[in-house]
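Survey of secondary and tertiary structure
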Amino acid sequence: MSNIIRLLPDHVANQIAAGEVVQRPASVVKELIENAVDADATEIKLVLKDAGKTLIQVIDNGKGMNETDARMAFERHATSKISKAEDLFALHTKGFRGEALASIAAIAHVDLKTCLRHSELGTHLIMEGSKVISQEVTVTPPGTVFSVKNLFFNIPARRNFLKSDNVEFRNIVDEFERITLVHPAISFTLIHNGSEVFNLPSSNLRQRIVNVFGVKTNEKLVPIEEITEIVTIRGFIGKPEFAKKSRGEQFFFVNDRYIRSGYLHHSVLAAYEGLLKDGTHPTYFIYLTVPTNSIDINIHPTKTEIKFDDEQALYSILRSAIKHSLGQFNVAPVLDFHRDEGLDVPYEFKDREAETPLIEIDTHYNPFSNEGLNPTEEVYNPFEQTPSSLSGGGRSDFVEQGFNPFEESSFLRQEEPQTEEEETDVFESKLTTSKSAIDFSSFKQEGRKADEAVFFSSKSNKTEIKKSSATEVGAWQEVFEGLKGKGSSLDVSGITFEQEEVTGSLFDESTETTLASRTFQIQRKYIVSPIKSGMVIINQGRAHQRILYEKFIGNITKSNAVSQQLLFPLTLYYAPYEVVLLKEIRNSLKQMGFDFENMGDDHVILSGLPVNVAESEAQIVLDDLIMSFQEGIPETNYIQTERIAKTLAQSLAVKSGTILNETEQEDIVNSLFGCKEPNISPFMKPTFITMKVEDIERKFIL
């Protein structure tokens, strides 16, 4: 029988290894940047095309390689990081296995240019599918330029399993952030499809975090530091009031290496206990430094999991350190004003007693005295008659003569009084014009001017009609003046009065109708409404989601979305990759009613919002939109707008625990059953259930 076990060729073995090492373009980026960091580079530049599917290029100014090392770097298990097994427990570098470059060269076109720092000539190496195409001497700057083109060109099945460009680029950004956050002294640049996404200069740790995640991150951070024999902890944690719904800004680093640890994450949550809202997650950037012989890094293919010797001690120390920082630093919101040093109290005033201020009062001061005034100046007295008023000059006599409405003046007696018969005829003609309305046109036809009003005065049972320079409002008084003493002569026999209908019912039927349609709220979560067959129980949050969702979809379909313009534009700050995402869905957001005045590198300026979105909710709504598109942006516009409508409906809908008055409850009930699909929410969950009278009666059967 022939031997059936054989040694695989190198290119086949490398492709198998690539299945573990190179899972997606982000894996290639991670390996190449880590090699650049291990080469003591101070400037690293990452250039991408089509989210790394077409090109991944890493340029650094590190130590470089000679001709022999450049060729040996692509051999399996060839590395400069370790030389014996004991070195695995004393690692100070990123990589150590020597498999990455061999795996990358097996599934892509590789172009390498490298030069030592003090050499004039370098090496240019081209490989395709683990085969060396050419190797020659070239002129290149000190450092290394590593280009990976056409990833998975010889494995079509693996290439077809790659996600969309947005998802793959997001994964690359995640790997890029993890490396940049742990090396703030190195300058990093990320360029995607010709546009610069990140430009991170050399800085301290806090500034690097702010440069990566936006300017507003600075006010959220609280420093943390703890030094013990077991571990040294440093870094920053987020204030509880800035906790997010996503877990994007949570980082653990052990000996300058990014790791995931659910155990340590639980210790952080234990320290925040009682400070976070439900459904929110804290932000933290925690750097742990432990002895290299107390951890085992080589337990995971991607080296993101580490085995600690004493995890319980780390758990307790980390929780105590975070609690101490939250207690030492004020976690309450503060006003971010520029401090005026002139308002600071000097330290020498610390022990000085406060002096009681003295209040001096001028007891001889008289505010009504004319002393101190210029005797040549005239003091205006509205109750004093001036010579001009007596002479009739200047304004009209009505103003100048100090009109008193309670006295009869000669001004009011300028016309001859009408007789009592004429007066009665005018009154009766006004009263009989209409039973339900009064025609004021008859007043104007009495020969009175439009700018005069009518006054009535009674003297010895005679009514005198006087004129004044007033408006026609006085005509109302003319109708009712003189009724006293005249009412007995009026004939009211033809006037009928409305009266309530007498019925045999003791109760008001309208009350019964109102109670039949009344709604009730239970546990601030459900709305109960009676129906003919029993009652319906509605989940207020899901029902409102359905109502808003169909409203948003209808506005997009009919292209009649209304945007309310803001009086002052609203500036919101985001991480650079989040701004890139908003730019890609900008057209869909515009159809919803969002109006972007400008989009910078780390901020957006809003000049208009949808009618349903308040200005205070704009930040929350956009955060939810960014989180919903983290896994990728749909290719078609309909799916894109549908996801935006779902996210907006979920963000703006009333939440459980919200108290609704009766009008709001009825509005939700009526609007829900006016929807096309009232049975389910936009997320395919039931919005209401019904209970028939038979079901209720069945509960009472013994």
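Residues numbered from 1 in each chain as written. Predicted model: local features only at pLDDT ≥ 70, side-chain atom pairs only at ≥ 80, totals over all residues. Heavy atoms only, no water.

A few words on the sheet that holds strand β11 (residues 250-254). Across the sheet, which stays open at both edges, the five strands sit in the order β9-β10-β13-β11-β12 with mixed pairing between neighbours. Both edges of this open sheet fall to β9 (221-227) and β12 (258-259), since each of them pairs with a single strand only. Strand direction decides the pairing type here: β11 and strand β13 (residues 284-289), joined by five bridges, are parallel. Considered in β13, the bridge of Phe-253 is made with Tyr-287. (Pairing = 2+ DSSP bridges. Helix = DSSP H or I, 4+ residues; strand = E, 2+ residues; numbered from the N terminus.)

Within a pair of aromatic rings, the relevant descriptors are the distance that separates the centres and the angle that separates the planes. In total, this model carries 13 aromatic pairs according to the counting rule given. Taken together, a centroid distance of 5.0 Å and an interplanar angle of 40 degrees make the contact between Tyr-263 and Tyr-315 tilted. Taken as a pair, Tyr-263 in helix α8 (residues 262-271) and Tyr-315 in helix α9 (residues 311-328) lie far apart in primary sequence, 52 residues in all. Three or more aromatic residues link up through ring pairs in this structure, and these residues are Phe-213, Phe-251, Phe-253, Tyr-258, Phe-285 and Tyr-287. Lying across the ring of Tyr-287, Arg-234 places its NZ or CZ 5.0 Å from the centre. (Phe/Tyr/Trp six-rings, centres within 6.5 Å; stacked < 30°, edge-to-face > 60°. Lys NZ or Arg CZ within 6 Å of the ring centre and 35° of its normal.)

Moving on, we come to the packing of helix α2 (residues 25-38) against helix α6 (residues 165-180). At a minimum axis separation of 8 Å, α2 and α6 run at an interaxial angle of 25 degrees. Comparing their axes, α6 and α2 come out roughly parallel. Relative to α6, the crossing made by α2 is right-handed. Listed contacts from α6 to Pro-25, Ala-26, Val-29, Lys-30, Ile-33, Glu-34 and Val-37 of α2 are Glu-168, Asn-171, Ile-172, Glu-175, Phe-176 and Ile-179. (Axes fitted to C-alpha atoms, helices over the stretch in contact; angles between N-to-C directions. Parallel < 35°, antiparallel > 145°, perpendicular 65-115°, else oblique. Left-handed = near helix turned anticlockwise from the far one by under 90°. Contact = heavy atoms within 4.5 Å.)

Taken residue by residue, the protein gives an average pLDDT of 78. The fraction at 70 or more is 70%. The element-level mean pLDDT for the protein is lowest in strand β16 (residues 453-459), coming to 41, with strand β1 (residues 43-49) highest at 95. Under a pLDDT of 50 for its full length, residues 332-336 has, in the predicted model, two contacts with residues more than four places off or in other chains. In this model residues 510-515 is a low-confidence stretch, pLDDT under 50, and it forms zero contacts with partners more than four residues away in sequence or in other chains. (pLDDT = per-residue confidence, 0-100.)

This part is about the pairing of strand β23 (residues 603-610). On any regular strand, side chains alternate: one points to one face of the sheet, the next to the other face. Burial within β23 is extensive, with eight of its eight residues counted as buried. Where strand β22 (residues 595-599) lies against β23, four bridges are found, and the strand directions are antiparallel. Within β23, the position partnered with Asn-598 by the bridge is Ile-605. Here β22 hands over to β23 after three residues, the two strands then running antiparallel side by side. (Buried < 20%, exposed > 50% of the residue type's maximum accessible area, 1.4 Å probe, protein only.)

Our next topic: the pattern of salt bridges. One pass over the structure, following the stated rule, counts 13 salt bridges. One salt bridge connects Asp-165 with Lys-53, and the closest N-O pair in it is separated by 3.1 Å. Of the two residues, Asp-165 sits in helix α6 while Lys-53 sits in the loop between β1 and β2 (55-60), which places them 112 residues apart along the sequence. You can call Asp-165 partly exposed: its relative accessible area is 33%. For Lys-53, a relative accessible area of 15% corresponds to the buried category. (Salt bridge = Lys/Arg side-chain N within 4 Å of Asp/Glu carboxyl O.)

Moving on, we get to a nonpolar patch on the surface. Nonpolar side chains collect at one region of the surface, where Leu-121, Val-137 and Val-139 lie side by side and expose about 310 Å² of accessible area between them. Inspection of the secondary structure assignment puts Leu-121 in the loop between β3 (109-115) and β4 (122-128). (Patch = residues over 30% accessible without salt bridge, like charges linked within 9 Å, V, L, I, M, F, W, Y side chains within 5 Å. Areas by Shrake-Rupley, 256 points an atom, 1.4 Å probe, with all protein chains shown as cover.)

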